[in-house]
Amino acid sequence: MAEPEAELEAILAEARASVAAGREPDVSGLERRVTVAAGPDVEAGAQAREQLVRIAAVWRARSRVAQEREPVEPPKPRSVPLREAFRARPTISGTLEVRRAANRAGFWIEWRPDPAVTEWEVRFSERPDLRSEYAERESRTLAADETALELPLGENPFQVAIVGRGRTGRAQRRALISGLTRESWRERWQRRAGS
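Rules and cut-offs
- Positions within a chain are numbered from 1, following the residues in the order the chain's sequence is written.
- Predicted model: local features are reported for residues with pLDDT of at least 70 only, side-chain atom pairs are reported and counted for 80 or more only, and whole-chain, interface and lining totals are derived from all residues.
- Computation of side-chain values covers all heavy atoms of the structure but excludes hydrogens and water.
- Helix and strand labels come from DSSP, where a helix needs a run of H or I of at least four residues and a strand needs a run of E of at least two; each type is numbered from the N terminus.
- Note on exposure labels: buried denotes an accessible area under 20% of the residue type's maximum, exposed denotes more than 50%, and partly exposed covers the range between, all computed with a 1.4 Å probe on protein chains only.
- The contact rule is simple, with two residues in contact once any of their heavy atoms fall within 4.5 Å.
- At least two bridges found by DSSP between two strands is the condition for calling them paired.
- Throughout, an axis means a line fitted to C-alpha atoms (over the contacting stretch in the case of helices), and angles, computed between N-to-C directions, take values from 0 to 180 degrees.
- Counted as salt bridges are all cases of a side-chain nitrogen of Lys or Arg within 4 Å of a carboxyl oxygen of Asp or Glu.
- Nonpolar core, defined: a set of buried Ala, Val, Leu, Ile, Met, Phe, Trp, Tyr and Cys residues in which side-chain atoms within 4.5 Å join the residues together.
- Stacked, edge-to-face and tilted labels apply to pairs of Phe, Tyr and Trp rings (six-membered ring for Trp) whose centres lie within 6.5 Å, assigned for plane angles under 30 degrees, over 60, and everything in between, in that order.
- What pLDDT conveys is the predictor's confidence in a given residue, as a value from 0 to 100.

On to the overall build of the protein, then. When its secondary structure is counted, the protein shows four helices and nine strands. Reading the protein from its N terminus to its C terminus gives the helix and strand order α-α-α-α-β-β-β-β-β-β-β-β-β. The burial tally for the protein puts 32% of its 195 residues in the buried class. Put simply, of all contacts in the protein between residues at least 6 apart along the chain, 63% involve residues at least 24 apart.

Structural data, given as structure tokens:
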């Protein structure tokens with residue numbers, strides 16, 4: 001009688017050890033071993049199977065609690081920060097070649113004089129975000145030989161419109177630079193298609 005009881009207790013101890021080690025007990029395999037170890041003692045076999053059911057219930061409860069406690073994995077960082085992904089990219093269009101002034105400190109632009117131009121009309125516009133329209137901030141008129149200008153850049157997207165007018169007031173040359181900020185100033189200006 002002592003041998004089947006010892007064998008049944010060893011089987012139950014194995015199931016408990018699996019749970020304690022964080023492994024799911026093989027209940028169906030252990031139940032087959034209980035049936036063999038109990039032999040003709042139906043009552044001992046039934047008690048051992050009940051204990052196996054309780055041990056398996058402990059395993060399920062522990063695994064549920066462990067899943068609930070697992071920290072939620074934080075979202076993976078974007079390859080491009082959101083602010084950078086949605087910021088304005090500097091673009092230029094028009095018939096006038098405008099560039100950053102090479103030998104000046106600050107945010108200066110320059111262009112070549114044009115004999116057909118008698119004055120330059122320059123308009124500064126700004127927008128608070130990428131969804132808003134540009135709102136004009138300032139307008140200046142420059143003489144034909146004034147071909148450099150400092151821009152009052154900040155954090156908001158900035159736009160510069162330059163129109164070179166001839167003697168009759170008709171536009172001879174134009175350029176539009178959009179999406180300039182202090183942060184994007186050194187980036188390569190993209191030429192818009194069709195300009």
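With that settled, consider the sheet that holds strand S2 (residues 98-100). The three strands lie next to each other as S2-S3-S6, forming an open sheet whose pairing is antiparallel. With one partner strand each, in any of the chains shown, S2 and strand S6 (148-150) form the two edges of the open sheet. Shown here is a sheet whose adjacent strand axes are inclined to one another by a mean of 25°, direction ignored. Two strands pair when backbone bridges link them, and strand S3 (residues 108-111) and S6 are joined in this way by three bridges, in the antiparallel orientation. Residue pairing for S6: Ile 109 is matched across the bridge by Leu 149.

Moving on to the pattern of salt bridges. Overall, the coordinates contain ten salt bridges when judged by the stated rule. With its nearest N and O atoms 3.3 Å apart, the salt bridge here joins Arg 16 to Glu 9. In this structure Glu 9 comes out as partly exposed when scored by relative accessible area, which is 43%. Between Asp 114 and Arg 173 there is a salt bridge, with the nearest N and O atoms lying 2.9 Å from each other. With Asp 114 in the loop between S3 and strand S4 (119-126) and Arg 173 in strand S8 (residues 171-180), this pair connects stretches of sequence that are 59 residues apart. Here Asp 114 falls in the buried class, since its relative accessible area comes to 15%. Its relative accessible area of 32% is what places Arg 173 among the partly exposed residues. Taken together, the shared-partner salt bridges connect Glu 121, Arg 123, Glu 136 and Arg 165 into one network.

Time to look at the nonpolar core. Among the nonpolar cores identified, the biggest contains 22 residues, and Val 98, Ile 109, Trp 111, Leu 151, Val 160, Ile 162 and Leu 180 are the most heavily contacted of them. Listed by contribution, the elements that provide at least two residues to this core are S3, S4, strand S7 (158-165) and S8. Setting aside its immediate chain neighbours within four residues, Val 98 contacts Ile 92, Ile 109, Glu 110, Trp 111, Ile 162, Ala 175, Ile 177 and Trp 189. Listed in part, the 14 residues of the second largest apolar core include Leu 8, Leu 12, Leu 30 and Ala 48.

Moving on to the packing of aromatic side chains. Overall, the coordinates contain four aromatic pairs when judged by the stated rule. Taking the centre distance of 5.4 Å and the plane angle of 85° together, the rings of Phe 107 and Trp 185 count as edge-to-face. A residue pair is termed long-range when its members are at least 10 positions apart, and Phe 107 in the loop between S2 and S3 and Trp 185 in the loop between S8 and strand S9 (190-191) qualify at 78 residues. The exposure class of Phe 107 is buried, given its relative accessible area of 17%.

The next subject is the sheet that holds S4. Spatial ordering of the open sheet is given by S5-S4-S7-S8-S1-S9, a layout of six strands whose pairing is mixed. Of all the strands in the sheet, the pair left with one neighbour each is strand S5 (135-143) and S9. Bridge count between S4 and S7: eight bridges; the pairing is antiparallel. Paired with Arg 123 across the bridge in S7 is Ala 161.

Okay, the confidence of the model for the protein next. Looking at the protein, the pLDDT average stands at 84 and 87% of residues meet or exceed 70. Of all secondary-structure elements in the protein, the lowest mean pLDDT belongs to helix H4 (residues 82-85), at 47, while S4 reaches the highest, 95.

Attention shifts here to the pairing of S4. Every other side chain in a regular strand lies on the same face of the sheet, so the side chains alternate between the two faces. As defined by bridge partners, S4 adjoins S5 across eight bridges and the pair is classed as antiparallel. What sits directly across from Glu 121, in S5, is Thr 141.

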